[in-house]
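Summary of the model geometry
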Amino acid sequence: MPLEQKIADRLKRTADGLVPAVVQQHGTGEVLMLAWMDDEALHRTLTTGRATYWSRSRRSYWVKGETSGHVQHVRHVALDCDGDTILLQVDQVGAACHTGDRTCFDADVLRVQEPQ
């Protein structure tokens, strides 16, 4: 069974048929990672409650935590106003980043200068 047509019609995809998915910790709003979804990945996520993404490097679907045990239990999914970004709110078990960090944004925090 494919993604509901009314949802598919709202999505604005890249030339590769993908939509970026911003992943947040449910309850705190902490940004955990950015991943990519196509219609099938979104359908699988909505119907299983497990975050499923499209790996651009492996060119295959992956369920977050399937091999690492660092699963994402999906609590909320929304499209932004333009339909070109998906927001997932999840309960993250373990590290969200493949490096073992809590989030994919822990390693390279950039310094912002104070306004003059």
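Residues numbered from 1 in each chain as written. Predicted model: local features only at pLDDT ≥ 70, side-chain atom pairs only at ≥ 80, totals over all residues. Heavy atoms only, no water.

With an unreviewed UniProt entry as reference, the protein chain is termed Phosphoribosyl-AMP cyclohydrolase, source organism Sphaerisporangium rhizosphaerae. Looking at the Function (unreviewed entry) heading of the UniProt record, one finds this comment for the protein chain: "Catalyzes the hydrolysis of the adenine ring of phosphoribosyl-AMP." Turning to the protein chain, the UniProt record has this under Pathway (unreviewed entry): "Amino-acid biosynthesis; L-histidine biosynthesis; L-histidine from 5-phospho-alpha-D-ribose 1-diphosphate: step 3/9." (UniProt positions renumbered as here; feature names shortened; annotations may be inferred.)

Once that is clear, we can look at the overall build of the protein chain. A count of helical and extended segments in the protein chain gives 2 helices and 6 strands. In terms of overall size, the protein chain behaves like a compact globule, its C-alpha atoms giving a radius of gyration of 15 Å where 116 residues would be expected to give roughly 13 Å. C-alpha extents for the protein chain along the principal axes are approximately 50 × 40 × 30 Å. Split into buried and exposed, the 116 residues of the protein chain put 37% on the buried side. For the protein chain, the share of sequence-separated contacts (at least 6 apart) that also reach a separation of at least 24 residues comes to 43%. Separation of charge centres in the protein chain, based on 13 positive and 16 negative side chains, amounts to 3 Å. (Helix = DSSP H or I, 4+ residues; strand = E, 2+ residues; numbered from the N terminus. Rg over C-alpha atoms; globule rule 2.2 N^0.38 Å. Buried < 20%, exposed > 50% of the residue type's maximum accessible area, 1.4 Å probe, protein only. Contact = heavy atoms within 4.5 Å. Lys, Arg positive; Asp, Glu negative; His and termini not counted. Charge placed at Lys NZ, Arg CZ, Asp CG, Glu CD.)

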